[in-house]
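Observations on chain architecture
Each chain, letter by letter, is given below.
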Amino acid sequence: MSSVPHDSFADTRADTLTLATSPAVRHDWTLDEIEALFALPFNDLLFRAQQVHRAHFDANAVQVSTLLSIKTGACPEDCKYCPQSGHYNTGLGKEKLLEIEKVVTQARAAKEAGASRFCMGAAWKSPRERDLEVVLEMVGRVKALGLETCMTLGMVDSDQARRLSEAGLDYYNHNLDTSPEYYGEIITTRTYGDRLETLANVREAGMKVCSGGILGMGEAPRDRAALLQQLVKLEPHPESVPINMLVKVPGTPLENAEDLDPIDFIRAIAVARILMPKSHVRLSAGREQMNESTQALAFLAGANSIFYGDQLLTTSNPQVEQDRALFAKLGLHPERRETCADDDRQRETLEAAMARQAGQARAAALAYDATAATEA
């Protein structure tokens, strides 16, 4: 069971309550301050998080994204939570990079179902040149539908980030996963510095950052505070912060990890909201394991983004109709994307460029089996 010390943070609690509602966006939160937030009485913590949330967002609006795996399996990374890692036998087969037309069809269906952002994920350590050519085409085609675009492709260098940005990519997802201190227990094939460098390349290229972590991997409470501290240090804060609960996949080293107390998970949502007041905090992987009450508490704590659909890359997600019913029960509604004139002009430019390319069968020519070559 979750427990909160009554005396450990007594001297700092009053100051922390004041800090929790400060209008200033800060990047200098200390680990002690963040741990003091985690230690607040649950009702106080949620009240402060709700105050911060309402100061910056419509409290009943939830940004809705759809996530599609565009290339599945055979990843060379050894992330202990991931069924796509080639290091573990999870029964997940290799799949080639999806054809562009199939991706566009899925994106169109996602928009019709109420999504405002379409996220595409590929199981790569980093994209090769031939991969990137296909991906750039996908970005342009999905962007032309009027959707926000997001991708997660592993590590990207500054040139790759620039090209993705020029193609119209709005967000790039690259999670930090956990604290720097616990990171080596989860991943050995990529350093924490590698992840921070990719995020710096993304930001320098002008894209928005989507970065968060996974809870329930055996980390200590201090690791959760340290993960959020790393995210807070990013300037500006990530525009989207996914907070994932571990999905224990058979065949991965974490399949028997101890269950995370739902109250501890809600605390992390609330603290993330307070620390990053202008960011969308996403209730992400693990939602299928949560009952309606836990999800309702997450929204109360400041979560205002979800993935919508039947699947998150390779793990299941609450059914669309269940999400609609929950939204209706809680009085929530999808956040509506405000399309600006620049977006309209960009879309017109993209549509004109694609019209010039009609008849060249570029999409078919670029579709290939991405698993045929050895992963670098």
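Residues numbered from 1 in each chain as written. Predicted model: local features only at pLDDT ≥ 70, side-chain atom pairs only at ≥ 80, totals over all residues. Heavy atoms only, no water.

Details of the overall build of the chain
Formally: By the criteria applied, helices consist of DSSP H or I runs no shorter than four residues and strands consist of E runs no shorter than two, each listed in order from the N terminus. Between buried and exposed lies partly exposed: a residue is buried under 20% and exposed over 50% of the maximum accessible area for its type, with that area taken using a 1.4 Å probe on protein chains only. Method for areas: the Shrake-Rupley scheme with a 1.4 Å probe, in which residue coverage is limited to the protein chains shown.
In terms of helices and strands, the chain carries 13 helices and 12 strands. Counting only residues that meet the buried cut, the chain has 55% of its 376 residues in that class. When the accessible surface of the chain is totalled, it reaches about 16200 Å², and 49% of it is carbon and sulfur.

What about the packing of aromatic side chains?
Heads up, the condition is: Stacked, tilted and edge-to-face pairs are distinguished by plane angle, under 30 degrees for stacked and over 60 for edge-to-face with tilted covering the rest, among Phe, Tyr and Trp rings (Trp via its six-membered ring) whose centres lie within 6.5 Å. In this scheme, the term charge over a ring applies when either NZ of a lysine or CZ of an arginine sits within 6 Å of the ring centre and within 35 degrees of the ring normal.
Applying the stated rule across the entire model yields two aromatic pairs. Between Y183 and Y192 the ring centres are 5.1 Å apart and the planes differ by 85°, which places this aromatic pair in the edge-to-face class. The residues Y183 and Y192 share a single accessibility class, namely buried. Judged by centre distance (6.3 Å) and plane angle (90°), the ring pair of F299 and F327 falls under edge-to-face. With a gap of 28 residues between them, F299 in helix α10 (residues 292-300) and F327 in helix α11 (residues 320-330) connect regions that are remote in the sequence. A cation sits over an aromatic face here: R26 above W29, 4.3 Å from the ring centre.

Some details on the environment of T294
Let me state the cut-off plainly: The criterion used for residue contact is that any of the two residues' heavy atoms lie within 4.5 Å.
Looking at the element boundaries, T294 is found in helix α10. Taking the relative accessible area as the measure of exposure, T294 reaches 12% and is therefore buried. When neighbours within four sequence positions are excluded, T294 is seen to be in contact with P262 and I266.

With respect to the pattern of salt bridges
Between side chains of opposite charge, a pair can form as their charged atoms come close. Our working rule: Within this document, salt bridges are pairs made up of a side-chain nitrogen of Lys or Arg and a carboxyl oxygen of Asp or Glu, the two lying within 4 Å of each other.
According to the stated counting rule, one finds 18 salt bridges in the structure shown. Between R117 and E148 there is a salt bridge whose closest N-O contact spans 3.1 Å. Taken together, the positions of R117 in strand β2 (residues 117-122) and E148 in strand β3 (residues 148-152) put the pair 31 residues apart, joining distant regions of the chain. Residue class for R117 comes out buried when judged on its relative accessible area of 2%. As a salt-bridge pair, R162 and D159 come within 2.5 Å of each other at their nearest N and O atoms. In this pair, R162 and D159 both sit in helix α6 (residues 158-166), three residues apart, roughly one turn of the helix. The structure contains a network of salt bridges with shared partners spanning E129, E133, D159, R162, R163 and E166.

Observations concerning the confidence of the model for the chain
Convention followed: Known as pLDDT, the predictor's per-residue confidence is scaled from 0 to 100.
Chain-level pLDDT for the chain is 80 on average; 73% of the residues reach the 70-or-more range. Averaged pLDDT values for the elements of the chain fall to 39 in helix α13 (residues 362-366) and rise to 98 in helix α2 (residues 31-38). Low confidence marks residues 1-10, where pLDDT is under 50. Its contacts with residues over four positions away, or in another chain, come to 14 contacts. Scored below 50 in pLDDT, residues 90-95 shows 18 contacts in the model against residues more than four places distant or in partner chains.

Topic: the state of the cysteines
How we decide: Count a disulfide wherever a pair of cysteine sulfur atoms falls within 2.5 Å.
Tallying each qualifying case throughout the model produces zero disulfides. This cysteine, C119, is not joined by any disulfide, and C150 carries the nearest cysteine sulfur, 3.9 Å off. Judged by its relative accessible area of 3%, C119 falls in the buried class. In this model C210 remains outside any disulfide bridge; the closest cysteine sulfur is found in C150, 5.0 Å from its own.

Details of the packing of helix α3 (residues 42-56) against helix α9 (residues 262-275)
This is how the line gets drawn: In this description, a line fitted to the C-alpha atoms serves as the axis of each element, helices being fitted only across the stretch in contact, and the angle between N-to-C directions of two axes falls anywhere from 0 to 180 degrees. Each helix crossing is assigned a hand: it is left-handed if the near helix lies turned anticlockwise from the far helix by less than a right angle, otherwise right-handed if that turn is clockwise. Three categories are distinguished: nonpolar for Ala, Val, Leu, Ile, Met, Phe, Trp, Tyr, Cys and Pro, charged for Asp, Glu, Lys and Arg, and polar for the others, with Gly belonging to the last.
Taken N-terminus to C-terminus, the directions of α3 and α9 make an angle of 35°; their axes are 9 Å apart at the nearest point. In the packing of α3 onto α9, the handedness of the crossing is left-handed. Residue-level inspection shows F42, L45, L46, R48, A49, V52 and H53 of α3 in contact with α9, the latter providing I263, I266, R267, A270, V271, R273 and I274. Residue composition of the contact of α3 with α9, by class: 10 nonpolar, one polar and three charged.

Some thoughts on the side chain of N173
Its place among the elements puts N173 in strand β4 (residues 171-173). Not counting residues up to four positions away in its chain, the partners in contact with N173 are C150, M151, T152, C210, S211 and P242.

Side note on the pairing of β3
Inclusion rule: Here a strand pair is declared whenever DSSP counts at least two bridges between the two strands. Convention used here: a crossover is right-handed provided that the path from the first strand, over the helix, to the second strand proceeds clockwise when the strands point away from the viewer.
Burial of β3 is extensive: four of the five residues sit out of reach of the surface. As paired strands, β2 and β3 are joined by five bridges and run parallel to one another. Bridge assignment links G121 to a residue of β3, and that residue is T152. Note on the crossover from β2 through helix α5 (residues 129-143) to β3: the handedness is right-handed. Of the strand pairs in this sheet, β3 and β4 are connected by two bridges, and their pairing is parallel. Bridge pairing in β4 places M151 opposite Y172. Note that the unit made of β3, α6 and β4 has a crossover that is right-handed.

Overview of helix α7 (residues 192-204)
Put simply, the rule is: Helix span, as expected, comes to 1.5 Å for every residue beyond the first.
The terminal C-alpha atoms of α7 lie 19 Å apart, and with 13 residues this matches the ideal 18 Å at 1.5 Å per residue to within 8%. Y192, R195, T198, L199, N201 and V202 are the residues of α7 that are buried. The elements touched by buried residues of α7 are α6, β4, β5 (208-210) and α8 (221-233).

Digging into the side chain of R282
Heads up, the condition is: We count Lys and Arg on the positive side and Asp and Glu on the negative side, and we leave His and both chain ends out.
Structurally, R282 is set in strand β8 (residues 280-283). One buried charged residue, R282, forms no salt bridge at all, with the nearest opposite charge on E148 at 7.6 Å.

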